[in-house]
Amino acid sequence: QVQLVESGGGLVQAGGSLTLSCVVSGSSYGVGWFRRAPEKEREFVSGLKWSNGRPYYADSVKGRFTMSGDSAKNTVHLLMNSLKPEDTGVYYCAAMTGQYVMVSRADNYDYWGQGTQVTVSS
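What counts, and at which threshold
- Residues numbered from 1 in each chain as written.
- Predicted model: local features only at pLDDT ≥ 70, side-chain atom pairs only at ≥ 80, totals over all residues.
- Heavy atoms only, no water.
- Helix = DSSP H or I, 4+ residues; strand = E, 2+ residues; numbered from the N terminus.
- Rg over C-alpha atoms; globule rule 2.2 N^0.38 Å.
- Buried < 20%, exposed > 50% of the residue type's maximum accessible area, 1.4 Å probe, protein only.
- Contact = heavy atoms within 4.5 Å.
- Lys, Arg positive; Asp, Glu negative; His and termini not counted.
- Charge placed at Lys NZ, Arg CZ, Asp CG, Glu CD.
- Pairing = 2+ DSSP bridges.
- Core = buried A, V, L, I, M, F, W, Y, C linked by side-chain atoms within 4.5 Å.
- Phe/Tyr/Trp six-rings, centres within 6.5 Å; stacked < 30°, edge-to-face > 60°.
- Lys NZ or Arg CZ within 6 Å of the ring centre and 35° of its normal.
- Disulfide = S-S within 2.5 Å.

J.: Sorry if this is basic, but what is going on with the overall build of the protein here?
T.: Of the regular secondary structure elements, the protein holds zero helices and eleven strands. Against the 2.2 N^0.38 benchmark of 14 Å for 122 residues, the protein shows a C-alpha radius of gyration of 13 Å, consistent with a compact globule. C-alpha extents for the protein along the principal axes are approximately 40 × 30 × 25 Å. The buried share of the protein, taken over its 122 residues, is 43%. Residue pairs at least 24 apart in sequence account for 56% of intrachain contacts in the protein once pairs closer than 6 positions are excluded. Side chains of the protein give 11 positive and 10 negative charges; the mean places of these two sets differ by 5 Å.

J.: Help me out: how do you make sense of the pairing of strand β9 (residues 89-96) in this one?
T.: On a regular strand, each side chain points to the face opposite its neighbour's, so the side chains alternate between the two faces of the sheet. Of all eight residues making up β9, six are buried, and the element is well covered by its neighbours. Pairing of β9 with strand β11 (residues 116-121), which is carried by three bridges, proceeds in the antiparallel orientation. Along β11, the bridge assignment pairs Tyr91 with Thr116. When β9 meets strand β10 (residues 111-112), the two strands line up antiparallel, connected through two bridges. When the sheet's bridge partners are listed, Ala94 is paired in β10 with Trp112.

J.: Any chance you could explain the nonpolar core here in plain terms?
T.: Across soluble globular proteins, nonpolar side chains show a tendency to be buried alongside one another. Among the nonpolar cores identified, the biggest contains 32 residues, and Trp33, Phe65, Val76, Leu78, Met80 and Tyr91 are the most heavily contacted of them. Looking at this core, the elements that each hand over two or more residues are β3 (18-25), β4 (30-36), β5 (42-49), β7 (65-70), β8 (75-80), β9 and β11. The leading source of residues in this core is β9, at five residues. In contact with Val76, other than residues within four places in its own chain, are Leu20, Ser21, Cys22, Val31, Trp33, Trp50, Met67, Ser68, Gly69 and Cys93.

J.: What is the right way to look at the packing of aromatic side chains in this model?
T.: The description of two aromatic rings rests on the distance between their centres and on the angle between their planes. Applying the stated criterion to the full structure yields four aromatic pairs. Ring centres of Phe34 and Tyr109 lie 5.2 Å apart, and the angle between their planes is 80°; this geometry places the pair in the edge-to-face category. Taken together, the positions of Phe34 in strand β4 and Tyr109 in the loop between β9 and β10 put the pair 75 residues apart, joining distant regions of the chain. An aromatic cluster is built from Phe34, Phe44, Tyr109 and Trp112, whose rings are joined through pairwise contacts. In this arrangement the basic side chain of Arg42 is found over the ring face of Trp112, its NZ or CZ atom lying 4.4 Å from the centre.

J.: Even after reading the chapter, I still don't get the state of the cysteines, so can you show me in this structure?
T.: In a disulfide, the sulfur atoms of two cysteines are covalently bonded to one another. Inspection of every chain in the model, using the stated rule, returns one disulfide. Shown here is the disulfide that connects Cys22 with Cys93, its sulfur atoms set 2.0 Å apart. Handedness here is read from the sign of the S-S torsion; for Cys22 and Cys93, about -85°, the answer is left-handed. In this pair, Cys22 is assigned in strand β3 and Cys93 in strand β9, connecting sequence segments 71 residues apart. Overall, Cys93 belongs to the buried group, its relative accessible area being 0%.

J.: Teacher, can you tell me more about the environment of Ser7 here?
T.: Relative to the helices and strands, Ser7 is located in strand β1 (residues 3-7). Note on Ser7: relative accessible area 40%, which makes it partly exposed. Contacts of Ser7, omitting those with residues within four sequence positions, involve Thr19, Leu20 and Ser21.

Here is the structure:
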């Protein structure tokens, strides 16, 4: 059983920054961040595999968001800079236990956190 606890969401003005954190209890192969904006489908934001620590990003956040992982602490962070109103949504941390290739597919994740709200005002 894997449990994930997110923290760090909040309200910020456009152009501002926030850092989300996720503590993963249990063994996982990779961790990802997804978000769901109001009245929109859930979408991939960023993800990494513990084996190489290399993060992957959605095009919409590339250059603005930075994901990092600390395998010793089973913790990942998502530094979000230059936030835009369209970044508003509930952000979820998810754990992948199978050795899948793609970190961007939500179907590859077995466990999900409760989510943390990020609101960017214009």
